[in-house]
Amino acid sequence: MSRFEELTRFFEYDHRENGTVEPHWRHEPVLKHFNEAVSTYRPRTIVKTGIGGGPLLHEMAKAVQGLIIVVEPSMKLIGKFLEQHAGDAVIDKVRFINGDFNFLPVDYYAADMIICVDMLDVLETGPVIDEFRRALQFDGFLFLAQTVLEPEDLEGVYDDMTREVHPLHTDYYLEVDLKTVLELNEFSFVKGDLSRFECDLLKRAGHLSGYYGTKTEDAAQAVERYKEGLEQIYGYRDGTVREPYFIGLFRRNKPE
């Protein structure tokens, strides 16, 4: 099975279970920042990476005057979303393209804004950011929301723990490193915010074990193996941590 097929399968599972991508308890701050960006810069053509959980896309569509083009690997999720919202006038502002984020089916400089929420850590960062840069017009915007590491987590304890229970996971970045990566790829930081949300790691591990076909007990033990570092850096207690979450807006640089 290719990585594209594996990710498609995972997104279908995660959507059904309301799991790691766009959980409802992070919607409010993401929408707040998104609405501010839309009202300030008024992008007409917006591209979103994936349907995600579904409700967040629906709320975003309400806020825009133009179109949201959703690149979604799963035809099942596209059909499900259209069926759920049949007859809803808001959906007239949403279009779907079945495709791969590594080969974004969007023309050069076609997008005023690209939205990527809770997906960068399972995608191949280099090719995907290259595609974001290619598809955005100069002075266009990348709206990014993603879990990051605490500044003290220089050894990547949270990264290693996540990869053990979620093998599709690639990388979490320190906030400063994430900004640096984007700056090196011709994006300038406009503004952003770091929040912390309570996250039940044992519940998440159980959710992921359902996808990978592993025992919930084994997933919980994997989390416990990192207990010392999680306690020191993330306030781990009774299976729960305070997870850092970055929401930022970046502008595609215009050549001199």
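Please read these numbers as outputs of a predicted model, since none were measured by experiment.

**Details of the pairing of strand β2 (residues 67–72)**
Regular strands place their side chains on alternate faces of the sheet.
Line of reasoning, step 1. Counting buried residues in β2 gives five out of six residues, a clear majority hidden from the surface.
Line of reasoning, step 2. Bridge count between strand β1 (residues 45–49) and β2: five bridges; the pairing is parallel. Bridging across to β2, I46 finds its partner in I68.
Line of reasoning, step 3. Note that the unit made of β2, helix α4 (residues 75–84) and strand β3 (residues 94–98) has a crossover that is right-handed.

**Some thoughts on the pattern of salt bridges**
Line of reasoning, step 1. A complete count under the given rule lists 17 salt bridges for this structure.
Line of reasoning, step 2. Between D130 and R133 there is a salt bridge whose closest N-O contact spans 3.0 Å. Here R133 and D130 lie together in helix α5 (residues 125–135), a separation of three residues that amounts to about one turn.
Line of reasoning, step 3. Judged by relative accessible area, D130 falls into the partly exposed class, the value being 33%.
Line of reasoning, step 4. You can call R133 buried: its relative accessible area is 17%.
Line of reasoning, step 5. In this structure, the salt-bridge partner of R163 is D160, at a minimum N-O distance of 3.5 Å. Taken together, the positions of R163 and D160, both in helix α6 (residues 157–165) and three residues apart, correspond to about one turn of that helix.

**Some points on the packing of helix α8 (residues 201–212) against helix α9 (residues 216–224)**
Line of reasoning, step 1. At their nearest, the axes of α8 and α9 sit 8 Å apart, and the two run at 135° to each other. Classified by the angle between their axes, α8 and α9 sit oblique to one another. Note that α8 runs across α9; the crossing there is right-handed. On the side of α8, the interface is formed by L201, L202, A205, G206 and S209, while α9 contributes T216, A219, A220 and V223.
Line of reasoning, step 2. Grouping the constituent residues of the contact of α8 with α9 by class yields six nonpolar, three polar and no charged.

**Description of helix α2 (residues 27–41)**
Note on helix geometry: an α-helix contains 3.6 residues per turn, so any two residues three or four positions apart are oriented the same way.
Line of reasoning, step 1. Here α2 contains 15 residues, and its C-alpha end-to-end distance of 21 Å stays within 8% of the 21 Å for a straight helix at 1.5 Å per residue.
Line of reasoning, step 2. Listed in full, the buried residues belonging to α2 are H27, P29, V30, L31, H33, F34, A37 and V38.
Line of reasoning, step 3. The elements touched by buried residues of α2 are β1, α3 (55–63), β4 (111–117), β5 (136–147), β6 (187–200) and β7 (240–252).
Line of reasoning, step 4. At the C-terminal side of α2, R42 shows a positive phi close to 50°.

**Topic: empty space enclosed by the protein**
It is the rolling of a water-molecule-sized probe over the atoms that shows where space remains empty.
Line of reasoning, step 1. Enumeration over the complete set of coordinates arrives at three cavities of 30 Å³ or more.
Line of reasoning, step 2. Of the pockets and cavities examined, the largest cavity occupies roughly 150 Å³.
Line of reasoning, step 3. In terms of lining, the largest cavity is formed by 15 residues, of which the most central are T20, D118, D121, Y172 and R204.
Line of reasoning, step 4. Broken down by secondary-structure element, the contributors of at least two residues to the lining of the largest cavity are β5 and α8.
Line of reasoning, step 5. Within the lining of the largest cavity, the residues separate by chemical class into five nonpolar, five polar and five charged.
Line of reasoning, step 6. For the second largest cavity, the calculated volume is near 70 Å³.
Line of reasoning, step 7. Forming the walls of the second largest cavity are F11, D14, H15, N18, G19, V21, G52, G53, E72, L77 and M119.

Rules behind the numbers
- Residues numbered from 1 in each chain as written.
- Predicted model: local features only at pLDDT ≥ 70, side-chain atom pairs only at ≥ 80, totals over all residues.
- Heavy atoms only, no water.
- Buried < 20%, exposed > 50% of the residue type's maximum accessible area, 1.4 Å probe, protein only.
- Helix = DSSP H or I, 4+ residues; strand = E, 2+ residues; numbered from the N terminus.
- Pairing = 2+ DSSP bridges.
- Right-handed = clockwise from strand over helix to strand, strands pointing away.
- Salt bridge = Lys/Arg side-chain N within 4 Å of Asp/Glu carboxyl O.
- Axes fitted to C-alpha atoms, helices over the stretch in contact; angles between N-to-C directions.
- Parallel < 35°, antiparallel > 145°, perpendicular 65-115°, else oblique.
- Left-handed = near helix turned anticlockwise from the far one by under 90°.
- Contact = heavy atoms within 4.5 Å.
- Nonpolar A, V, L, I, M, F, W, Y, C, P; charged D, E, K, R; others polar.
- Expected span 1.5 Å × (residues − 1).
- 1 Å grid on protein atoms, 1.4 Å probe; cavity = no way out; pocket = protein on both sides within 12 Å on 5 of 7 lines; lining within 4 Å.
- Points joined across faces, edges and corners; volume = space filled by probe spheres on them.

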